[in-house]
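Structural overview
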Amino acid sequence: MSTLRLILGDQLSPEISSLDGFEVSKDTVLMCEIWNEATYVKHHKKKIAFLFSAMRHFAEELKASGYNVEYVKLNDKDNTGFFKTEVERTVKKHKFDHIVVTHPGEYRVLKDMQSWEQDLGIPVKIKSDDRFLCTTNEFAKWAKGRKQLRLENFYREMRKKYSILMNGSDPVGGQWNYDSENRQPPKSGLKIPKPYSSDADGISQEVINMVAEHFSDHFGDLEPFYFAVTRDQALQSLHLFIEHRLKDFGSFQDAMIEGEPWMYHSHIGFYLNCGLLLPMECVKAAEEAFNRDKAPLNSVEGFIRQIIGWREYVRGIYWLKMPDYANENFFGAKRNLPDFYWTAETKMNCIRQCVSETKKNAYAHHIQRLMVLGNFALISGIDPVQVNEWFLIVYADAYEWVELPNVSGMILFADGGYLASKPYAAGANYINKMSNYCKNCSYQVTKKNGLDACPFNFLYWDFLVRNRNQLQSNHRVSMMYKTYDRMDEGKKAAIRHDSQQFLDALQ
Ligand code: FAD
Ligand code: DLZ
Ligand code: SF4
């Protein structure tokens with residue numbers, strides 16, 4: 001029986017389940033650059049170049065290891081531009097009698113695949129993606145009967161399951177979570193190591209030229225291009241992080257400094273999410289760094305929690321709650337996304353910095369996404385569909401399974417509190433404490449009202465007032481309503497007036 005084995009752009013791992021049992025004499029791997037995948041949302045140019053280059057390198061590596069590979073380039077003249085029709089074309093050409101593919105990362109693609117068997121008249125086996133550490137069934141079993149899920153409970157289960165940072169049945173150091181040590185504000189004189197960077201080789205350059213030609217109207221800077229595009233390079237970038245950044249990762253995890261987009265973060269999300277790195281090898285590398293005193297526990301635990309905790313948790317929620325999750329809108333937010341999310345042209349320095357860096361690097365670190373870009377979208381009531389589309393487009397690590405729960409669940413609270421216990425809404429105090437953005441801003445960070453007051457200050461209260469019915473009973477927010485109720489009427493009117501004026505001007 002000859003089998004066509006399809007490998008998608010985010011499945012670039014030799015261990016991928018669709019390759020299990022590959023028979024050189026009969027089987028072929030199909031990889032294709034798909035116009036529809038690059039444009040169903042208009043991905044950042046750097047993201048497309050990164051993925052196409054990584055796909056081409058991976059195909060070369062498979063060929064070198066003895067696999068038969070059919071690789072369809074974007075500009076091949078017969079390329080039909082969709083997964084289904086490319087699979088159909090290849091099946092007809094080589095007369096395969098069976099298709100094998102690993103479960104895709106997006107619901108949209110899964111639905112498409114589930115139609116192939118009938119539409120193409122050939123058996124299609126969709127195998128589970130065992131690169132993840134918690135299967136969708138395991139997650140569903142864990143979540144069953146819980147009205148609200150909480151990361152901390154899930155995370156502890158994962159620590160025990162894989163015996164990571166454990167002393168028998170107890171957590172190493174006596175605590176499960178060291179987040180309270182991970183909130184240091186930025187200070188001057190920090191020596192932040194240079195991030196991984198590699199020169200574009202011939203394959204990358206060809207892809208860069210193609211992206212420049214076909215996707216010039218997409219957001220973002222294509223060059224300079226410095227991402228890792230092979231597994232070896234991705235491993236080097238992991239190594240650099242473990243040796244030079246991990247030790248400070250925890251302490252400065254939430255800090256933001258103008259002109260320092262990379263901070264002490266790992267920048268491996270791009271590589272993990274397309275398969276160049278595997279989650280457990282990153283976790284083991286960090287645990288091993290702790291064991292040889294290369295990094296402290298608060299950093300190592302914090303990093304490991306992101307990978308075996310948050311990453312698996314959001315994926316579990318995605319597959320449990322799709323397709324309805326994409327349409328959740330707990331607050332009924334419907335304002336359009338302001339233009340400055342694309343242009344960076346705003347007087348708000350925090351947003352200007354984060355959007356400019358996103359445009360340049362297809363990267364922003366977690367707190368920039370959460371407490372600046374996300375927080376602003378939340379408190380100004382932007383339509384979740386538009387916010388999700390933006391986050392899916394602009395980051396090179398964005399695929400819907402990870403982007404959607406972070407945006408709809410974590411920042412917008414659009415699921416009404418299924419993923420997180422309270423909305424991450426905040427006024428300017430937080431940004432001022434954790435960054436140096438406010439020093440170079442046209443707005444006054446400490447001013448609460450008036451034309452030069454920081455918009456985060458009045459929008460925060462306006463958000464709480466607008467959504468009182470939905471939030472008042474949330475015990476983590478109810479204190480803030482007590483504070484609001486104690487304000488005099490003049491102050492309340494100023495909040496309403498300034499917010500209305502600011503929000504009207506956004507449109
Ligand atoms: P580090 O900070 O060094 O963390 C290490 C790794 O942990 C990351 O590479 C990632 O794999 C994992 N991780 C950390 N936080 C999360 C999280 N909340 N959810 C899932 N994995 C996590 N992450 C994505 O991979 N793709 C996205 O599209 C994405 N969109 C986001 C949107 C918003 C609004 C927010 C608040 C977070 C989003 N995240 C997303 C999570 C997180 O911001 C990124 O994973 C992280 O910034 C990637 O940079 P890094 O590799 O330097 O991560
Ligand atoms: C994101 C992406 C892009 C831009 N292009 C391709 C492509 O040309 N071919 C491909 O196989 N995959 C691509 N991808 C990743 C797919 O969109 C991804 O497999 C789905 O998002 C499912 O996670
Ligand atoms: Fe952002 Fe307000 Fe600070 Fe300006 S003052 S950087 S708008 S938080």
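In this text, all values refer to a predicted model and were calculated from it rather than measured experimentally. (Residues numbered from 1 in each chain as written. Chains lettered and ligands numbered in written order. Predicted model: local features only at pLDDT ≥ 70, side-chain atom pairs only at ≥ 80, totals over all residues. Heavy atoms only, no water.)

Looking only at helices and strands, the chain features 22 helices and seven strands. Expressed along its principal axes, the backbone C-alpha trace of the chain runs to roughly 80 × 55 × 50 Å. Within the chain, the fraction of its 507 residues that count as buried is 58%. Surface accessibility of the chain: about 21,200 Å² in total, with carbon and sulfur atoms responsible for 49%. (Helix = DSSP H or I, 4+ residues; strand = E, 2+ residues; numbered from the N terminus. Buried < 20%, exposed > 50% of the residue type's maximum accessible area, 1.4 Å probe, protein only. Areas by Shrake-Rupley, 256 points an atom, 1.4 Å probe, with all protein chains shown as cover.)

This paragraph deals with the pattern of salt bridges. Applying the stated criterion across every chain, the model contains 33 salt bridges. A salt bridge links D217 to K42, with the nearest nitrogen and oxygen atoms 2.7 Å apart. Of this pair, D217 sits in the loop between helix 8 (202-214) and helix 9 (231-249) while K42 sits in the loop between helix 1 (35-39) and helix 2 (45-64), and the two are 175 residues apart along the sequence. Residue classification places K42 among the partly exposed positions, given a relative accessible area of 37%. Linked by salt bridges that have partners in common, E33, R56, K73 and E206 make up one network. (Salt bridge = Lys/Arg side-chain N within 4 Å of Asp/Glu carboxyl O.)

Position of E357 among the secondary structure elements: in helix 14 (residues 349-361). Residues E357 and K111, 246 residues apart in the sequence, show an inter-C-alpha distance of 35 Å. Apart from residues no more than four positions distant in its own chain, E357 is found in contact with G259, E260, P261, A362, Y363, Q368 and Y437. (Contact = heavy atoms within 4.5 Å.)

Before going further, it helps to examine the site of ligand 3. Around ligand 3 lies a shell formed by M348, C350, A428, I431, Y437, C438, C441, Y443, V445, C454 and F456. For the shell around ligand 3, the class distribution of residues is eleven nonpolar, no polar and no charged. (Near = heavy atom within 4 Å. Nonpolar A, V, L, I, M, F, W, Y, C, P; charged D, E, K, R; others polar.)

This part is about unusual backbone geometry. Omega for the bond connecting E223 with P224 falls within 30 degrees of zero, at 0 degrees, which places this linkage in the cis form. Of note, the bond from M322 into P323 is cis; its omega dihedral lies within 30 degrees of zero at 10 degrees. By secondary structure assignment, the location of P323 is in the loop between helix 12 (297-321) and helix 13 (340-343). If you check the backbone angles, K95 has positive phi at about 55 degrees while not being a glycine. Inspection of the secondary structure assignment puts K95 in the loop between helix 3 (83-94) and strand 4 (98-102).

Before going further, it helps to examine the pairing of strand 2 (residues 28-32). Of all five residues in strand 2, five are buried; the element is thus mostly enclosed. With burial as the criterion, each face of strand 2 is covered, one bearing T28, L30 and C32 and the other bearing V29 and M31. Pairing analysis gives three bridges linking strand 1 (residues 3-6) to strand 2, with the strands arranged parallel. Bridge assignment links R5 to a residue of strand 2, and that residue is V29. (Pairing = 2+ DSSP bridges.)

As a packed pair, helix 9 and helix 11 (residues 279-291) sit with axes 10 Å apart at the nearest point and diverge in direction by 30 degrees. One element, helix 9, and the other, helix 11, form an angle in the roughly parallel class. Classified by chirality, the crossing of helix 11 by helix 9 is right-handed. Along its contact with helix 9, which presents R231, L235, L238, I242 and L246, the element helix 11 presents E281, C282, A285, A286 and A289. Looking at the contact of helix 9 with helix 11 residue by residue, the classes come out as eight nonpolar, no polar and two charged. (Axes fitted to C-alpha atoms, helices over the stretch in contact; angles between N-to-C directions. Parallel < 35°, antiparallel > 145°, perpendicular 65-115°, else oblique. Left-handed = near helix turned anticlockwise from the far one by under 90°.)

Closest axis-to-axis distance for the helix 19 (residues 455-466)/helix 21 (residues 478-486) pair is 11 Å, and the angle between their directions is 105 degrees. Relative to helix 21, the element helix 19 lies roughly perpendicular. For the pair helix 19 and helix 21, contact is made by Y460, W461, L464 and V465 and by M480, Y481, T483 and Y484, respectively. Considering only residue class, the contact of helix 19 with helix 21 consists of seven nonpolar, one polar and no charged.

A separate point is the pairing of strand 3 (residues 69-72). Residues V69 and Y71 line one face of strand 3 and the alternating positions E70 and V72 line the opposite face, and both faces are buried. Relative to strand 3, strand 2 is paired through four bridges, and the arrangement is parallel. From the neighbouring strand, L30 faces strand 3, where its bridge partner is E70.

Next up on the list: the sheet that holds strand 3. Spatially, 3-2-1-4-5 is the arrangement adopted by the five strands of the open sheet, whose pairing is parallel. Pairing within the sheet leaves two strands with one partner each, and these edge strands are strand 3 and strand 5 (124-127). Put simply, the sheet's adjacent strands are angled 20 degrees from each other on average, direction ignored. By the bridge criterion, four bridges tie strand 4 to strand 5 in an arrangement that is parallel. Its bridge partner being in strand 5, V101 is matched across the sheet by I126.

On to the domain arrangement of the chain. The assigned domain composition of the chain is domain 1 (3-127), domain 2 (136-193 + 245-321) and domain 3 (340-506). A C-alpha centroid distance of 39 Å is found between domain 1 and domain 3. Buried surface at the junction of domain 1 and domain 3, summed over both partners, amounts to about 1,100 Å²; 57% is from carbon and sulfur atoms. Counting across the interface, domain 1 meets domain 3 through zero salt bridges. At the surface where domain 1 touches domain 3, the tally comes to eight residue pairs in polar contact (both at pLDDT 80 or more). (Domains from an automatic or database assignment. Buried area = accessible area lost by both parts, 1.4 Å probe. Polar contact = N/O pair within 3.5 Å; in protein donor to acceptor, adjacent residues only side chain to side chain.)

Turning our eyes to something else, we now look at helix 15 (residues 366-379). At 3.6 residues per turn, the α-helix brings residues three or four places apart onto the same side. Between its first and last C-alpha atoms helix 15 spans 18 Å; for 14 residues at 1.5 Å apiece the expected length is 20 Å, and the two agree. Where helix 15 bends most, the angle comes to about 30 degrees, and this point is L373. Most of helix 15 is tucked away: 13 of the 14 residues are buried. (Expected span 1.5 Å × (residues − 1). Bend = angle between axes of the 7 residues up to and from the residue.)

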